[in-house]
Amino acid sequence: MKDCKVKDGTSSITDKINKKALQYIEDITTNADEVQKRVLSEILSRSTHVEYLQRHGLDGHTDRETFKKVMPVITYEDIQPDINRIANGDTSPILCAHPISQFLTSSGTSGGERKLMPMIEEEFERRSLFYSLQMPIMDQYVPGLNKGKGMYFMFVKSEAKTPGGLVAHPALTSYYKSSYFRERSFDPYNNYTSPNETILCPDSYQSMYSQLLCGLYQNNQVLRVGAVFASVFLRAIRFLQKHWTLLCNDIRNGTIDTQITDPLVREAVLKILRPNPELADFIETECSRDSWQGVITRLWPNTKYIDVIITGTMSQYISTLDYYSNGLPIVSTLYASSECYFGLNLMPITKPSEVSYTLIPTMAYFEFLPVERDNEVKNSISASNSLNEEEEQELVDLVDVKLSQEYELVITTYAGLYRYRVGDVLRVAGFKNSAPQFNFICRKNVVLSIDSDKTDEVELQNAVKNAVKHLIPFNASLVDYTSYADTSTIPGHYVLYWELHHDGATSIPPSVFEDCCLTIEESLNSVYRQGRVSDKSIGPLEIKIVEKESFDKLMDYAVSRGAQIDQYKTPRCVKFTPIIELLNSRVLSNYFSPKCPKWVPGHKEWYNEN
């Protein structure tokens, strides 16, 4: 503690912490294979008597060879009966020797519902260590971040309790509500403009308003801005566009709007706020401009970068972020999911298209299944859900992946997942010592995504099938369709292009197409519906009716670009700008869902949604 009393003592301590963190990364990536062997041995030795391992005949072995020989590669559906037993109150060691303390709800869907991922208490410590490595990495590229604050928009989402009494909620909600976040000691590198009370407020409007108010009030102290996903950060900018007059009024008078009724939020914000008419005038001037281009750098002039996940489907937001920020660097710092925290970006100041993540060998035991993607339909992966013996033998370990090869990630975790297929497709981009670095390519089979929602082709097909029933009384039928995730609006929304066969004898009222929109939304998974109802992160679904022969024109265009006509099939999702422009040029009319679909927290087996 004496070091704290000398000049620059705090910086000296911070430098030592950073050096220790970077050395830790160096050590575990240099000895990645040995670390992986140890991790697997630890997981298996503590779980010797776990029912799942006994069921498959592991018989107490902890070596890699036996593990690979007897344990199958699985998907969520394979362990769902075990998950359901735990959710319903069975406390015996089914998947893990340690008690399952809660479930994390994955945004990947299974049968139209969130997946439940087992969580044990010690995992918080492992994930906290993971988080602690981020800023020492950033400090190498952007020094001085400990001299100011980060304006991050962080939110808790709805949670449910399983019949057995375990809480089920998203991973970040779990972390924010844990003592590891709420009772964290002061860290100059993670000093946020948002008080904990504003982050933990369950009302999304009050949480967003109060966090934005605090961020604006402390604007000159802000050195970095962000959120978990790019879509969330852009929602905050859209919120500012709609509510800046109220926010300016609060800053001018040192008050907080009467719509903010949460007493803990009001108390926390009013501890920060003081009347500042000069700042209010400045914000009013900037927000009153005709153009919002560069608004981030204008309102928060000391901002050095935007910290958001911009890989995978989030890449669709890059141009919008560039517009609002005048091209500030966009940094994707980490790669994680509900199942496990995977990797860190060791070269954070790079183009979004070049982002790679180094898998941290201590987080889980990693294996990799080689995949070949079908180039005709993006995001369609040839690997099926079940693997035969020969395919299982193709899995390789962390240090044995090959440069430029694409793999599906398979994990074994401390919390009870064994050889579990995550569903992420990664490409090897390079190596940090012996640990590979990966580009995130896509989620397997996902065709549409706006925020944390993930809609696959089968689910979309079933939703459309349900909707077109509304057309039967009008002697109309669907000729063909495709879809598009429109992120030009905030929030983004799903667009479906429909070509109809209609005899014209009976006109179709607009209300029928609106019913079609709502039926599609009602048919989509609970993650999508939560985004529409609770999080407001997804806008109303839109159907665009296109002229006759529009899909023939789409095929002609594909053939002109080299597609083989006898193998052509209509893509169920389009992303290529010329194709979207072609379809939009042929739109006859468009309709939006008239209201939000039904949604309640939890699973269908826990609640009757009808």
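All values reported here derive from a predicted model rather than from experimental measurement. Within each chain, residues carry numbers counting from 1 in the order of the written sequence. For a predicted model such as this one, the threshold for reporting local features is a pLDDT of at least 70, and the threshold for listing and counting side-chain atom pairs is 80 or more; totals across whole chains, interfaces and linings nevertheless cover every residue. With hydrogens and water set aside, each side-chain value is computed from the structure's full complement of heavy atoms.

### Digging into the packing of helix α6 (residues 122-132) against helix α7 (residues 134-141)
Line of reasoning, step 1. Packing of α6 against α7 brings their axes to within 4 Å, and their N-to-C directions diverge by 5°. The pairing of α6 with α7 is recorded here as roughly parallel in orientation. Packed against α6, whose contacting residues are F130, Y131 and S132, the element α7 presents Q134, M135 and P136 at the interface.
Line of reasoning, step 2. Throughout, the ten residues Ala, Val, Leu, Ile, Met, Phe, Trp, Tyr, Cys and Pro are labelled nonpolar, Asp, Glu, Lys and Arg are labelled charged, and all others, Gly among them, are labelled polar. Classifying every residue of the contact of α6 with α7 gives 4 nonpolar, 2 polar and no charged. Note on geometry: axes are lines fitted to C-alpha atoms, helical ones only across the stretch in contact, with angles between N-to-C directions running from 0 to 180 degrees. Secondary structure is summarised from DSSP: a helix means a run of H or I of at least four residues, a strand means a run of E of at least two, and numbering begins at the N terminus for each. Between 65 and 115 degrees an angle is taken as roughly perpendicular, under 35 as roughly parallel, over 145 as roughly antiparallel, and anywhere else as oblique. Contacts are assigned to residue pairs that have any heavy atoms within 4.5 Å of one another.

### Side note on the sheet that holds strand β20 (residues 493-502)
Line of reasoning, step 1. Taken in spatial order, the 4 strands make up an open sheet running β19-β20-β21-β22, and their pairing is mixed. A single partner strand is all that each edge strand has here, and the edge strands are β19 (476-486) and β22 (587-592). Along the sheet, successive strands turn relative to each other by an average axial angle of 25°, direction set aside.
Line of reasoning, step 2. Bridge count between β20 and strand β21 (residues 542-546): 5 bridges; the pairing is parallel. Pairing between two strands requires that DSSP report at least two bridges joining them.

### Concerning a nonpolar patch on the surface
Line of reasoning, step 1. A residue counts toward a patch only above 30% relative accessible area and without a salt bridge, and it is joined to like-charged neighbours within 9 Å or, for Val, Leu, Ile, Met, Phe, Trp and Tyr, to nonpolar neighbours within 5 Å. Areas reported as accessible are Shrake-Rupley estimates using a 1.4 Å probe. Residue values count occlusion only from the protein chains shown. For this analysis, a salt bridge means a side-chain nitrogen from Lys or Arg found within 4 Å of a carboxyl oxygen belonging to Asp or Glu. Among the surface-exposed residues, Y141, M347 and I349 lie close enough to one another that they form a single nonpolar patch of about 270 Å² accessible area.
Line of reasoning, step 2. With respect to the helices and strands, M347 occurs in the loop between β10 (341-344) and β11 (357-359).
Line of reasoning, step 3. Looking at M347, the relative accessible area reads 39%, which means it is partly exposed. Partly exposed describes any residue whose relative accessible area lies between the buried limit of under 20% and the exposed limit of over 50%, with all areas from a 1.4 Å probe on protein chains only and scaled to the type maximum.

### With respect to helix α5 (residues 76-87)
Line of reasoning, step 1. Turning to α5, its buried residues number three or more, namely Y76, I79, D82, I83, I86 and A87. End-on, the buried residues of α5 take up no more than an arc of 145°, which puts them together on one face.
Line of reasoning, step 2. Among the residues trailing α5, G89 stands out with phi positive, at a value near 115°. What the arc measures is the spread of directions leading from the helix axis to the C-beta atoms.

### Let's talk about the state of the cysteines
Line of reasoning, step 1. Any cysteine sulfur atom paired with another within 2.5 Å is treated as part of a disulfide. The full count for this structure, using the stated rule, is 0 disulfides.
Line of reasoning, step 2. You can see C287 has no disulfide; the closest cysteine sulfur is in C248, sitting 5.8 Å from it.
Line of reasoning, step 3. Looking at C287, the relative accessible area reads 4%, which means it is buried.
Line of reasoning, step 4. Free cysteine: C596, not disulfide-bonded; nearest cysteine sulfur from C517 at 13 Å.

### Here we look at the pattern of salt bridges
Line of reasoning, step 1. Counted by the stated rule, this structure contains 27 salt bridges.
Line of reasoning, step 2. Measuring nitrogen to oxygen at the nearest pair gives 3.1 Å for the salt bridge that ties R85 to D90.
Line of reasoning, step 3. For R85, a relative accessible area of 30% gives the class partly exposed.
Line of reasoning, step 4. By relative accessible area, which is 29% here, D90 ends up partly exposed.
Line of reasoning, step 5. Its salt-bridge partner being K177, residue E159 comes within 3.0 Å of it at the nearest N-O pair. Of the two residues, E159 sits in the loop between β3 (149-153) and β4 (160-161) while K177 sits in helix α8 (residues 171-177), which places them 18 residues apart along the sequence.
Line of reasoning, step 6. According to the relative accessible area criterion, K177 is partly exposed, its value standing at 33%.
Line of reasoning, step 7. Linked through salt bridges whose partners overlap, the residues forming this network are D33, R64, K68, E367, D397 and R419.

### Structural notes on the pairing of strand β14 (residues 406-412)
Line of reasoning, step 1. Taken across its 7 residues, β14 has 7 buried, putting it largely inside the fold.
Line of reasoning, step 2. Burial along β14 is two-sided: the face carrying E406, E408, V410 and T412 and the face carrying Y407, L409 and I411 are both buried.
Line of reasoning, step 3. Sheet analysis places strand β12 (residues 365-370) next to β14, joined by 6 bridges and oriented antiparallel. Its bridge partner being in β14, F368 is matched across the sheet by L409.
Line of reasoning, step 4. Looking at chain direction, β14 and strand β15 (residues 420-432) are connected through 5 bridges and run antiparallel. Within the sheet, the bridge partner assigned to Y407 lies in β15 and is L426.

### Overview of the sheet that holds strand β7 (residues 305-309)
Line of reasoning, step 1. The strand order across the open sheet built from 4 strands is β3-β6-β7-β8, with neighbouring strands paired in parallel fashion. Across the chains shown, the open sheet's two edge strands, defined by having one partner strand only, are β3 and β8 (330-331).
Line of reasoning, step 2. Judged from the 5 bridges that link them, β3 and strand β6 (residues 222-229) form a sheet pairing that is parallel. Within β6, the position partnered with M151 by the bridge is V225.
Line of reasoning, step 3. The sheet contacts of helix α11 (residues 204-217) involve β3 and β6, and relative to β3 the element is tilted by about 160°.

### Focus: the domain arrangement of the protein chain
Line of reasoning, step 1. What the domain assignment lists for the protein chain is domain 1 (143-303) and domain 2 (450-607).
Line of reasoning, step 2. Source of the domain bounds: an automatic or database domain assignment. The C-alpha centroid of domain 2 is placed 34 Å from the C-alpha centroid of domain 1.
Line of reasoning, step 3. Listed by partner, the interface residues are 15 residues for domain 1 and 15 residues for domain 2.
Line of reasoning, step 4. Buried area is a sum: the accessible area each of two parts loses on coming together, probed at 1.4 Å, counted once for each and added. The contact between domain 1 and domain 2 buries some 1,100 Å² in all, and 57% of this surface belongs to carbon and sulfur atoms.
Line of reasoning, step 5. Counting every contact that joins domain 1 to domain 2 gives 0 salt bridges.
Line of reasoning, step 6. Pairs of N or O atoms are called polar contacts if they sit within 3.5 Å, as long as, within protein, a hydrogen donor faces a hydrogen acceptor (for residues adjacent in sequence, only side-chain-to-side-chain pairs). At the boundary of domain 1 and domain 2, one finds 0 residue pairs in polar contact (both at pLDDT 80 or more).
Line of reasoning, step 7. Taken together, the elements giving at least two residues each to the side of domain 1 that touches domain 2 come down to β4 and α12 (230-253).
Line of reasoning, step 8. Class assignment for the residues of the side of domain 1 that touches domain 2 results in 6 nonpolar, 4 polar and 5 charged.

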